[in-house]
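Listed below are the residues making up each chain.
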Amino acid sequence: STPVATFCALLKAARIGLLIKGGDVLEALAKTRVVAFDKTGTITKGEFKVVEFQSISSKVSLEMLLYWVSSIESKSSHPMAAALVEHARSHSIEPKPDSVKEFHIYPGEGIYGEVDGRNIHIGNKRIAARVLCETVPNMEDMKEGVTYGYVFLDMVPVGTYALSDTCRIGAAEAIKELKSLGIKTAMLTGDSMEASLHAQRQLNHVVEEVHAELLPEDKVQLIGKLKSREGSTAMVGDGMNDAPALAMADVGISMGVSGSAVAMETSHITLMSNDIRKIPRAIRLARKTRRMII
Ligand code: ADP
Ligand code: MG
């Protein structure tokens, strides 16, 4: 290969905000057949707003609920946790992380914590099923495009909430451009099918495959399947429950601004600006460089 062409391409990429770990990565990128995107924080901004938060128990005040939830969620770096903490503050409730004696994160489900001797579980249908030892049906009056959550106090349901997020500017454009390069696209998420289909509608249904309600290990398996079915697969994520999937992909691409340090370590490319429109640009650059080399 010509080292100069590769060097120039890596420099050019860096100038537009793409840190590519080396010439091998550039070659792998040129061969990409599929780009799989994490949803939360990658296709969407990962800036959730609380659109509903209520106590469903006469024994639990909204204030108590906000205090428990925000204290436990202040231990988590999940984007939904940040929204719940913010919501408590907007009701003048200050979270007390020190009051949380024990806590446990269930990836793709939610969080458990012990506060003032009470056991609190917070999260999605999966955590509800874990607490109730039974599958939980969707709520009947569900709003479109929001993610529902449940709060349990000593294994009893005491609260519900709903969160919403919006797609990043340029996300639809980036995915359309990948399509025009003959690349297949997929969305992978631990979030609900309803929230995923809402994002898909915001994107004018441009994503070819939507896979929702995945656990971190399901994401790894799916990347494996895409690799064997379609060929060279790139995965874009922020490292929140998707670092193993980033590592499994032929090319792992991490979000630089919002992404975790683990994501940057396990990935081959870091998007310094969080702008996913840089991905089709990088693929074009990689293809051009390969043509020069061959
Ligand atoms: P994604 O693939 O979209 O990044 P995650 O795997 O991080 O999603 O999470 C999947 C789901 O698990 C979320 O949609 C949420 O319902 C629930 N969840 C995860 N972490 C938390 C948390 N700290 N608090 C509440 N819910 C959570
Ligand atoms: Mg994520």
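Every value quoted in this text rests on a predicted model; they were computed, and no experiment measured them.

Caption draft 1: Inspection of the overall build of the chain at higher detail. Across its full length, the chain carries 12 helices and 13 strands. A compact globule built from 294 residues should have a C-alpha radius of gyration of about 19 Å, and the chain, at 21 Å, falls within 12% of that. Dimensions of the chain, computed from the C-alpha atoms along their principal axes, are close to 70 × 35 × 30 Å. When each of the 294 residues of the chain is scored for burial, the buried share is 47%. Excluding contacts between residues fewer than 6 apart, the proportion of contacts in the chain whose partners are at least 24 apart in sequence is 60%.

Caption draft 2: Region of interest: the sheet that holds strand β12 (residues 251–255). If you walk across this open sheet you meet the 7 strands as β1-β13-β12-β11-β2-β9-β10, and the pairing is mixed. If you trace the sheet from one side to the other, it starts and ends with β1 (18–20) and β10 (209–211), each paired once. Each strand axis lies, on average, 20° off the axis of its neighbour in the sheet, ignoring direction. Two strands pair when backbone bridges link them, and β12 and strand β13 (residues 269–271) are joined in this way by 3 bridges, in the parallel orientation. The residue of β13 that forms the bridge with Met255 is Leu271. Helix α9 (residues 216–230) contacts β2 (34–38), β9 (184–188), β10 and β11 (233–237) of the sheet and is inclined by roughly 150° relative to β11.

Caption draft 3: Region of the structure containing the domain arrangement of the chain. Per the domain assignment, the segments making up the chain are domain 1 (3–44 + 168–293) and domain 2 (49–164). Each of domain 1 and domain 2 was reduced to a C-alpha centroid, and the two centroids are 31 Å apart. Contacts between the two partners involve 13 residues from domain 1 and, on the opposite side, 10 residues from domain 2. Listing elements by their share of the side of domain 1 that touches domain 2, those giving two or more residues are α3 (39–43) and α8 (193–202). Ranked by residue count, the leading element in the side of domain 1 that touches domain 2 is α8, at 3 residues. Looking at side-chain class alone, the side of domain 1 that touches domain 2 contains 5 nonpolar, 6 polar and 2 charged residues.

Caption draft 4: Representation of helix α7 (residues 171–180) within the structure. All buried positions along α7 are accounted for by Ala171, Ala174, Ile175 and Leu178. Projection of α7 onto a plane perpendicular to its axis shows the buried side chains occupying an angular sector of 95°, all on one side. Among the residues trailing α7, Gly182 stands out with phi positive, at a value near 80°.

Caption draft 5: Here's a closer look at the site of ligand 1. Around ligand 1, 22 residues are found, and the nearest of them are Thr40, Asn124, Gly190, Asp191 and Asn241. Among the residues making up the shell around ligand 1, the classes are represented as 5 nonpolar, 12 polar and 5 charged. Among the domains, domain 1 (3–44 + 168–293) and domain 2 (49–164) are the pair contributing at least three residues each to the shell around ligand 1.

Caption draft 6: A look at the confidence of the model for the chain. With 98% of its residues at a pLDDT of 70 or more, the chain has an overall mean of 93. The least confident element of the chain, judged by mean pLDDT, is helix α11 (residues 261–266) at 77; the most confident is helix α4 (residues 62–73) at 98. Both scores are available for the predicted complex, with the pTM at 0.91 and the ipTM at 0.96.

Caption draft 7: Geometry of the sheet that holds strand β5 (residues 110–115). On the basis of which strands lie adjacent, the open sheet formed by 6 strands has the order β3-β8-β7-β6-β5-β4 and antiparallel pairing. Of all the strands in the sheet, just β3 (49–55) and β4 (100–106) have a single pairing partner and so form its edges. In this sheet, adjacent strand axes meet at a mean angle of 15° when their direction is disregarded. Direction of pairing for β4 relative to β5: antiparallel, over a ladder of 6 bridges. The residue bridging Val100 from the neighbouring strand is Val115, located in β5.

Each value, and the rule that gives it
- Residues numbered from 1 in each chain as written.
- Chains lettered and ligands numbered in written order.
- Predicted model: local features only at pLDDT ≥ 70, side-chain atom pairs only at ≥ 80, totals over all residues.
- Helix = DSSP H or I, 4+ residues; strand = E, 2+ residues; numbered from the N terminus.
- Rg over C-alpha atoms; globule rule 2.2 N^0.38 Å.
- Buried ≥ 20, exposed ≤ 12 C-beta atoms within 10 Å, placed from the backbone.
- Contact = placed C-beta atoms within 7 Å.
- Pairing = 2+ DSSP bridges.
- Axes fitted to C-alpha atoms, helices over the stretch in contact; angles between N-to-C directions.
- Domains from an automatic or database assignment.
- Nonpolar A, V, L, I, M, F, W, Y, C, P; charged D, E, K, R; others polar.
- Arc of directions from axis to C-beta.
- Near = placed C-beta within 6 Å.
- pLDDT = per-residue confidence, 0-100.

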